[in-house]
Amino acid sequence: MMIFTKMVGFAKKNVVLMVAVLAAVITSFIIPLDKQYISYFDFKTLSCLFCVLAVVCALKNINFFYILAQKIVKSCRNIRASILTLVYITFIGSMLIANDMALLTFLPLGYFVLESTGKQRYMAFTFIMQNIAANLGGMLTPFGNPQNLYLYTKYNINDYEFVGIMFVPFAVSVILITICCLFVKKEPLEISEKIESLNKKRTILYAILFVLAIAIVFRGIPYYVGLIIIPIVLLFADRKALKMVDYPLLLTFFAFFIFAGNMARIEAVRNLFSWLLEQNTLLFSAISCQVISNVPSAILLSQFTDNYRELLVGVNIGGTGTLIASLASLITFREYTRHNPTKVKSYIGMFSAFNFGFLIILLIVSSLLFH
């Protein structure tokens with residue numbers, strides 16, 4: 001009975017993984033297991049993602065990001081400045097440590113700031129802005145969002161070209177988020193919590209590992225080098241970090257690789273998706289995210305188009321919109337409802353209003369760029 005309860009709990013926490021596995025199994029009946037299956041998997045993407053997540057977990061375990069953010073927020077004098085700082089920290093964090101890890105790291109800080117200063121009424125707004133910042137901030141770098149890493153690797157996109165493609169949607173996102181936060185009143189704020197100190201030796205060690213992980217992402221070092229060095233170092237320095245890696249996310253990628261690979265071999269599906277993407281890659285990719293989330297959309301649609309520029313922008317701005325448009329949005333929803341279980345409806349209403357507003361504006365701007 002206890003095992004069954006744990007399995008149900010795991011399934012509830014990892015709905016997207018369960019859907020991915022189900023999709024992979026169903027399509028495996030249509031396309032039976034054969035030698036082509038091995039070609040479905042992008043092992044470099046999986047390796048890069050594992051290395052980045054492992055090092056970020058190690059840095060998180062020494063409170064690196066929390067202490068850094070706390071020092072910044074402590075310098076603020078009013079609630080508007082604090083919310084802007086929290087959102088910008090999440091924005092920048094998503095570019096460096098991926099959107100889901102940025103939220104797992106900085107949402108608790110947002111809760112701490114608002115709870116300790118009696119400003120809980122701003123929690124829904126702050127969490128939603130942090131969520132949007134994580135999804136849209138991560139679009140500027142190849143490792144900012146999981147789908148970026150996959151598309152960057154699959155299409156072998158040049159670094160400068162990648163930033164060039166994403167810069168305008170990114171800049172518009174910064175402006176929109178800032179405007180939204182400026183409507184918050186300048187109410188006085190005091191944070192009296194004592195700031196902890198960092199372990200310098202471990203900070204330096206993990207910083208070196210982080211640079212190594214980023215070098216792998218940017219193709220400066222073969223991915224298998226990091227796949228050997230990083231786990232070995234962490235095995236001695238911080239085994240807990242290796243246990244904390246988001247393995248369900250890696251398994252989700254694994255399952256969606258199978259699903260996408262099989263779908264690409266079904267002629268009717270290939271013809272339909274190819275036709276839809278030919279009509280408007282940007283719009284179709286953004287809409288698909290609203291139903292199956294941005295990571296699986298990127299993996300699936302990349303099988304049917306070479307228009308990586310519009311696909312890349314579409315699956316990034318498509319992370320806004322519905323709650324399931326991005327895995328990061330589900331993390332935010334789970335964190336908010338944990339603290340405010342009676343305010344689910346009002347949160348979803350506010351979340352939808354802001355997210356669809358951002359999605360519409362970004363789609364219009366991006367359409368003007370490409371057409």
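You'll find the structure just up there.
Now for a quick tour of the structure. (Residues numbered from 1 in each chain as written. Predicted model: local features only at pLDDT ≥ 70, side-chain atom pairs only at ≥ 80, totals over all residues. Heavy atoms only, no water.)

## Concerning the pattern of salt bridges
Part 1: Under the definition given, this model contains 4 salt bridges.
Part 2: Residue lysine 119 is joined to glutamate 187 by a salt bridge in which the shortest nitrogen-to-oxygen separation is 2.9 Å. With lysine 119 in the loop between α6 (99–116) and α7 (123–137) and glutamate 187 in the loop between α9 (159–182) and α10 (200–217), this pair connects stretches of sequence that are 68 residues apart. Glutamate 187 matches lysine 119 in its accessibility class, with the two residues each being buried.
Part 3: Note that glutamate 187 and arginine 121 form a salt bridge whose closest N and O atoms lie 2.6 Å from each other. Placement of glutamate 187 in the loop between α9 and α10 and of arginine 121 in the loop between α6 and α7 is noted, with a sequence separation of 66 residues between them. (Salt bridge = Lys/Arg side-chain N within 4 Å of Asp/Glu carboxyl O. Helix = DSSP H or I, 4+ residues; strand = E, 2+ residues; numbered from the N terminus. Buried < 20%, exposed > 50% of the residue type's maximum accessible area, 1.4 Å probe, protein only.)

## Comments concerning the packing of aromatic side chains
Part 1: Per the counting criterion, the structure on display carries 17 aromatic pairs.
Part 2: Between phenylalanine 273 and phenylalanine 284, the aromatic rings sit 5.8 Å apart at their centres with planes inclined by 90°, giving edge-to-face as the arrangement. The same class applies to phenylalanine 273 as to phenylalanine 284, namely buried.
Part 3: Seen from their ring centres, tyrosine 336 and tyrosine 347 are 4.5 Å apart, and the 20° between their planes marks the pair as stacked. (Phe/Tyr/Trp six-rings, centres within 6.5 Å; stacked < 30°, edge-to-face > 60°.)

## Topic: the packing of helix α3 (residues 43–61) against helix α11 (residues 223–237)
Part 1: One way to put it is that α3 packs onto α11 with a least axis distance of 10 Å and a crossing angle of 30°. Taken together, the axis directions place α3 and α11 in an arrangement best described as roughly parallel. When the axes of α3 and α11 are compared, the crossing they make is left-handed. Here α3 contributes Phe43, Lys44, Ser47, Phe50, Cys51, Ala54, Val55 and Ala58 to the contact with α11, which in turn contributes Tyr223, Gly226, Leu227, Ile230, Pro231 and Leu234.
Part 2: By residue class, the composition of the contact of α3 with α11 is 11 nonpolar, 2 polar and 1 charged. (Axes fitted to C-alpha atoms, helices over the stretch in contact; angles between N-to-C directions. Parallel < 35°, antiparallel > 145°, perpendicular 65-115°, else oblique. Left-handed = near helix turned anticlockwise from the far one by under 90°. Contact = heavy atoms within 4.5 Å. Nonpolar A, V, L, I, M, F, W, Y, C, P; charged D, E, K, R; others polar.)

## Side note on the environment of isoleucine 266
Part 1: Structurally, isoleucine 266 is set in the loop between α13 (247–264) and α14 (267–292).
Part 2: Exposure remark for isoleucine 266: the relative accessible area of 17% places this residue in the buried category.
Part 3: Along the chain, isoleucine 266 and threonine 45 lie 221 residues apart, while their C-alpha atoms are 24 Å from each other.
Part 4: The contacts of isoleucine 266, once residues within four sequence positions are left out, are Ile30 and Ile31.

## Notes on the environment of lysine 200
Part 1: One can find lysine 200 in helix α10.
Part 2: Residue class for lysine 200 comes out exposed when judged on its relative accessible area of 68%.
Part 3: Lysine 200 sits 138 residues away from isoleucine 62 along the chain, and the two C-alpha atoms are 9.8 Å apart.

## Side note on the layout of surface pockets
Part 1: Taken as a whole, the largest pocket spans an internal volume of roughly 800 Å³.
Part 2: Along the wall of the largest pocket there are 32 residues; nearest its centre are Lys13, Asn14, Asp246, Ile331 and Arg334.
Part 3: The set of elements that each furnish at least two residues to the lining of the largest pocket consists of α1 (2–13), α2 (15–30), α3, α6, α8 (146–154), α13, α15 (294–301) and α17 (327–339).
Part 4: When residues in the lining of the largest pocket are grouped by element, the largest group, 6 residues, is from α17.
Part 5: Considering only residue class, the lining of the largest pocket consists of 18 nonpolar, 7 polar and 7 charged. (1 Å grid on protein atoms, 1.4 Å probe; cavity = no way out; pocket = protein on both sides within 12 Å on 5 of 7 lines; lining within 4 Å. Points joined across faces, edges and corners; volume = space filled by probe spheres on them.)

## Focus on the nonpolar core
Part 1: Membership of the largest hydrophobic core comes to 126 residues, with the highest contact counts inside it found for Met129, Ile177, Ile230 and Phe253.
Part 2: For this core, the leading source of residues is α3, giving 13 residues.
Part 3: Setting aside its immediate chain neighbours within four residues, isoleucine 177 contacts Val87, Phe91, Met129, Ile132, Ala133 and Phe358. (Core = buried A, V, L, I, M, F, W, Y, C linked by side-chain atoms within 4.5 Å.)

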